[in-house]
Amino acid sequence: MVKPVVVVTRRWPQAVEDRLSADYDVCLNQDDTPMSVTELQYAMQNADAVLPTVTDVFDAEIINVNERRTRILGNFGVGFNHIDLEAATVAGITVTNTPDVLTDCTADIAMMLLLMTARRGAEGDRHVRDREWIGWRPTHMLGTKVTGKTLGLIGMGRIARAMAKKAHHGFNMPILYYNPSSISDDLIADLNAVKCDSPEDVLSRADFVSLHCPGGEQTFHLINADRLKLMKPTAHLINTARGDVVDTLALINALRNGTIAGAGLDVFEGEPHVNPELLTLDNVSLLPHLGSATQETRIAMGHRVVDNLDAFFRGADVIDRVV
Ligand code: DGY
C-alpha cells in the first residue's frame, strides 16, 4: 500500500519521528531550520499532510497555492492563530491541534512566572551571578507574599483551570475569572471561583492576573494602557497565552511608572524578538515560550498529532478537529 506523504516543518522528539517514519512516507526537518514561504508552498503541493507548529505562519498565500495536494494540517501545538482557518475551511483542508496534553505543564509555567515575579526569582538569580550579593539582611530584595492573594484569570479554558487548581489548593488563593462563554459548574466545582462580568472586573480586583485567552484579532491588545491602569499598583500580570494579547509598549510604561508592580512573560509580540526595553526592567520575568517544553509533553504532543493523522488517513473522525 502506498503510504501518505507527510512533511514535518520542524525537528520533533525522536520517539515521534520514529513512529512517523514507520507509518508514513515522511520528510523530516533534521536541522530544524524554519521553512520559507516557498518551501511551505512546495510542501503543500507535494505532501498529503503537512505538520506545522506554532511558529509557522499558514496564511492564504500558502494555503491557496496552485495545484495543492495537502488535505490535512496537523498542528503541533494547541494554539492555531498562525493558521488562516477561513482559508483552510474554504479549501476543504482539515486542521487539527494538540489540546489536553500540554495543560499541566503550561499551567506550571504560569504558576512559576507568578512566583518568579512575586518573589523576584529572576532578579535574585542575576544578583547572585553578578556577584552583587553581600549577604542576608532583613530588608534585602523583598517581594510579595503569594499565599492567600487573589488570582484573576482572563479566559477559563483547560490551562486556566489547571492553574487555578494549583493556586487555590496549593497556595490558598481565591479565584476570580472572566470567560466570554459560560463554564460548566462541574469543571470548576472544587475552586470556589467567582465569575466576573468583564476583563475590567478581574483586572481591578485581582492581585495576580493571568492571561489564558486565545491569540487573534479578537484579543489583540486586550491588555492595553487603559486596562493596565485598572490594575492595583501592587498587582502582577502573567502572560502564557499569546504575545499580542498585551500591548507591549503599554506594559513597559506600566512597569516603569509603577502602574503595576511586575509581570511574568512566556510569550511576546513578534517573538522571538523581545522589545529591548523589557530587558532593562528588573520587575519583569522573561521566559522563551517554555509553556509546554517538557520531554513528556512534547512527546505527547507529537503522538497526539500522529493519532489525528492516523484517524484522518483511515477515514475516521479526527480527535482534535479545529476545522
Ligand atoms: C501552543 O501549543 O499553542 C503553545 O503555545 C506551545 O507551548
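The sections below set out a description of the structure shown in this document.

What counts and how
- Residues numbered from 1 in each chain as written.
- Predicted model: local features only at pLDDT ≥ 70, side-chain atom pairs only at ≥ 80, totals over all residues.
- Heavy atoms only, no water.
- Buried < 20%, exposed > 50% of the residue type's maximum accessible area, 1.4 Å probe, protein only.
- Helix = DSSP H or I, 4+ residues; strand = E, 2+ residues; numbered from the N terminus.
- Pairing = 2+ DSSP bridges.
- Right-handed = clockwise from strand over helix to strand, strands pointing away.
- Near = heavy atom within 4 Å.
- Polar contact = N/O pair within 3.5 Å; in protein donor to acceptor, adjacent residues only side chain to side chain.
- Areas by Shrake-Rupley, 256 points an atom, 1.4 Å probe, with all protein chains shown as cover.
- Nonpolar A, V, L, I, M, F, W, Y, C, P; charged D, E, K, R; others polar.
- Salt bridge = Lys/Arg side-chain N within 4 Å of Asp/Glu carboxyl O.

Side note on the pairing of strand β11 (residues 262-265)
Okay, so step 1: Of the two faces of β11, the one carrying G262 and G264 and the one carrying A263 and L265 are both buried.
Okay, so step 2: Note that strand β10 (residues 236-239) and β11 share four bridges and pair parallel. Following the sheet pairing, N239 is matched in β11 by L265.
Okay, so step 3: Once you follow β10 into helix α10 (residues 248-257) and on to β11, the crossover reads as right-handed.
Okay, so step 4: With three bridges joining them, β11 and strand β12 (residues 284-286) adopt parallel strand pairing. Along β12, the bridge assignment pairs A263 with V284.

Focus: the site of the ligand
Okay, so step 1: Near the ligand the following residues occur: V54, G77, V78, G79, L102, R242, H289, S292 and M301.
Okay, so step 2: At 2.7 Å, a side-chain N or O of H289 approaches an oxygen atom of the ligand.
Okay, so step 3: Take S292: an N or O atom from its side chain is 2.7 Å from an oxygen atom of the ligand.
Okay, so step 4: The protein chains hide 91% of the 230 Å² of surface that the ligand would expose on its own.
Okay, so step 5: Class assignment for the residues of the shell around the ligand results in four nonpolar, four polar and one charged.

Structural notes on the pattern of salt bridges
Okay, so step 1: What the rule picks out here adds up to 18 salt bridges.
Okay, so step 2: Residues D307 and R19 are paired through a salt bridge, measuring 2.7 Å at the closest nitrogen-oxygen approach. Pair noted here: D307 is in helix α12 (residues 295-313) and R19 is in helix α1 (residues 14-23), with a separation of 288 residues, a long-range link.
Okay, so step 3: Residue D307 is classed as partly exposed on the basis of its relative accessible area of 31%.

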